[in-house]
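Secondary and tertiary structure notes
What follows is each chain in one-letter form.
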Amino acid sequence: VQLQASGGGLVQAGGSLRLSCAASGRTFSNYAMGWFRQAPGKEREFVAAITRSGGGTYYANSGGRFTISRDNAKNTVFLQMNSLKPEDTAVYYCAARLGFAGDTAQAMAQSSMNYWGKGTLVTVSS
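Residues numbered from 1 in each chain as written. Predicted model: local features only at pLDDT ≥ 70, side-chain atom pairs only at ≥ 80, totals over all residues. Heavy atoms only, no water.

Another aspect to go through is the pairing of strand β1 (residues 2-6). Here β1 shows a clear split, with L3 and A5 buried on one side and none of Q2, Q4 and S6 buried on the other. Pairing of β1 with strand β3 (residues 17-24), which is carried by 5 bridges, proceeds in the antiparallel orientation. Bridge pairing links S6 to S20 in β3. (Buried < 20%, exposed > 50% of the residue type's maximum accessible area, 1.4 Å probe, protein only. Helix = DSSP H or I, 4+ residues; strand = E, 2+ residues; numbered from the N terminus. Pairing = 2+ DSSP bridges.)

Attention now goes to the nonpolar core. Core analysis: the biggest nonpolar cluster contains 28 residues, and L3, M33, W35, V77, L79, M81 and Y92 have the highest contact counts within it. Those elements giving two or more residues to this core turn out to be β1, β3, β4 (31-38), β5 (45-50), β7 (66-71), β8 (76-81), β9 (90-98) and β11 (120-125). Other than its neighbours up to four places away in sequence, V77 contacts L19, S20, C21, F28, M33, W35, I50, I68, S69 and R70. Of all hydrophobic cores here, the second largest spans 8 residues; its members include A32, F46, A95 and M113. (Core = buried A, V, L, I, M, F, W, Y, C linked by side-chain atoms within 4.5 Å. Contact = heavy atoms within 4.5 Å.)

All chains considered together, the criterion is met by 4 aromatic pairs. Here the aromatic rings of Y31 and Y115 are separated by 6.0 Å at their centres, their planes lie at 70°, and the arrangement is edge-to-face. Here Y31 is found in strand β4, whereas its partner Y115 is found in strand β10 (residues 115-116), with 84 residues between them in sequence. Owing to a relative accessible area of 6%, Y31 belongs among the buried residues under this scheme. With relative accessibility at 24%, the residue Y115 sits in the partly exposed group. For the cation-ring pair, R18 lies above F78, with the distance from its terminal atom to the ring centre recorded as 3.9 Å. Sitting over the ring of Y93, R44 keeps its end group 5.7 Å from the ring centre. (Phe/Tyr/Trp six-rings, centres within 6.5 Å; stacked < 30°, edge-to-face > 60°. Lys NZ or Arg CZ within 6 Å of the ring centre and 35° of its normal.)

Next up on the list: the pairing of β8. Of all 6 residues making up β8, 5 are buried, and the element is well covered by its neighbours. Where β3 and β8 come together, 6 bridges link them in antiparallel fashion. Of the residues in β8, the one forming a bridge with R18 is Q80. Alignment of β7 against β8, held across 6 bridges, turns out to be antiparallel. Looking at β8, one finds that R70 is bridged to V77. In this antiparallel pair of consecutive strands, β7 and β8, the connection spans 4 residues, and N75 shows a positive phi of 55°.

Further remarks concern the sheet that holds β3. Here we have 4 strands laid out as an open sheet, ordered β1-β3-β8-β7, and antiparallel in their pairing. Strands at the two margins of the open sheet, each flanked by one partner only, are β1 and β7. Strand-to-strand twist across the sheet, computed as the mean angle between neighbouring axes with direction ignored, equals 15°. (Axes fitted to C-alpha atoms, helices over the stretch in contact; angles between N-to-C directions.)

If you walk through the whole model with that rule in mind, you get 1 disulfide. With its sulfur 2.0 Å from that of its partner, C21 forms a disulfide with C94. Taking the sign of the S-S torsion, 55° for the link of C21 and C94, the bridge is right-handed. Within this pair, whereas C21 is found in strand β3, its partner C94 is found in strand β9, the two being separated by 73 residues in sequence. You'll find C21 and C94 in the same group, each marked buried. (Disulfide = S-S within 2.5 Å.)

Note that every value here comes from positions in space, so none of it alone points to a role or purpose.
This is how it looks when you write it as structure tokens:
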């Protein structure tokens, strides 16, 4: 699976951004999808995940500000980010992991991903 993230940019605190990740090369609906981020000087961390069908989602502690969704017809996963804070500044990566029966979005937080996309930079100014 090739993954291409987009939608990052510079936004003021309190603003919103919608990240997109377009997938190609394999059957998108076979993969659970996740968003991760890496801030300067920090390790990469889990942000959100969604199951193959989109019926299950799981979030790191974002205070309800982020929403992950997917459109299997368009082979795309999204991350809507609202009420952005300067501490949300990071490179955001999308990732895919082959799903399986009984899979959960929560498992993505501790799973090894099969594929990673190149990141998109989000900068939140104060």
